[in-house]
Amino acid sequence: SKEEEVSKGKYVEAYAKYKLGESTRPLFDAFLMGLSFVVDRSIVQIYSEEEFELALCGLQEINVDEWQRSTVYQGWTDEGPLTKDSSLAAWFWTYVRSLSRESKALLLKFCTGSSSVPPDGFDHLFGLYGEQRFTLVGLGLGQDDRLPSASTCFN
């Protein structure tokens, strides 16, 4: 019935509000109190969450060798199957190595939705279905006019 649907909607809304806000409030308040001993609260309020993370943690050094070692290769190129030894893969990793620290972080964010590497390394990138390694995909023959794309919705 219509009343049941309205009740279900109200329940889901109330549950989400509790899980995303009220249940974590004591932890968040404790964190803010501890942080206020170190940093004046008025300073924290001027930052977005990304800016605050950068100010607090700085830019992480991204180990491109580890990133490359952890990558999965799929799809096809004009040469055949995309592999770690394909010229397209070699070009990609040469390009990544040429980037500044900030640009590597931006590339990682474009590709994964996060500008930092998990504490356990690239083998432990997390996606919608759990750990999901970085994947470089060849789009096949005749697809060289496409712009780069990324699957960041799963992060």
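Above this text sits the structure in question.
What this report covers is the structure whose coordinates are included nearby. Per chain, residue numbering runs from 1 following the sequence as it is written. Local features in this predicted model are restricted to residues of pLDDT 70 or higher, and side-chain atom pairs are both shown and tallied only at a pLDDT of 80 or more, whereas totals for entire chains, interfaces and linings draw on every residue. Each side-chain value is worked out from all heavy atoms of the structure, with water and hydrogens disregarded.

1. Quick word on the pattern of salt bridges
And step 1. Note on definitions: salt bridges are taken to be side-chain nitrogens of Lys or Arg within 4 Å of carboxyl oxygens of Asp or Glu. Within the structure shown, the criterion is met by five salt bridges.
And step 2. Between R101 and E61 there is a salt bridge, and its shortest N-O distance comes to 2.7 Å. Taken together, the residues R101 in helix α7 (residues 101-112) and E61 in the loop between α4 (49-57) and α5 (64-70) connect sequence positions 40 residues apart.
And step 3. Residue D65 is joined to R97 by a salt bridge in which the shortest nitrogen-to-oxygen separation is 2.5 Å. Taken together, the positions of D65 in helix α5 and R97 in helix α6 (residues 87-98) put the pair 32 residues apart, joining distant regions of the chain.
And step 4. Each residue is placed in one exposure class: buried if its accessible area under a 1.4 Å probe, protein chains only, is under 20% of its type's maximum, exposed if it is over 50%, and partly exposed if it falls in between. Here D65 falls in the partly exposed class, since its relative accessible area comes to 43%.
And step 5. Classification of R97 by relative accessible area gives partly exposed; the value is 37%. Helix numbers and strand numbers start at the N terminus; a helix is a DSSP run of H or I with at least 4 residues, a strand a run of E with at least 2.

2. Observations regarding the packing of aromatic side chains
And step 1. Aromatic pairs are defined between Phe, Tyr and Trp rings, using the six-membered ring for Trp, whenever the two ring centres lie within 6.5 Å; interplanar angles under 30 degrees are classed as stacked, those over 60 as edge-to-face, and all others as tilted. A full pass over the atoms with the stated rule returns eight aromatic pairs.
And step 2. When the ring of W67 is compared with that of W93, the centres are 5.6 Å apart and the planes differ by 75 degrees; the resulting orientation is edge-to-face. Here W93 lies in helix α6 and W67 lies in helix α5, a separation of 26 residues in the sequence.
And step 3. In this structure W67 comes out as buried when scored by relative accessible area, which is 0%.
And step 4. One aromatic cluster is present, formed by W67, F92, W93, F122 and F134 through successive ring pairs.

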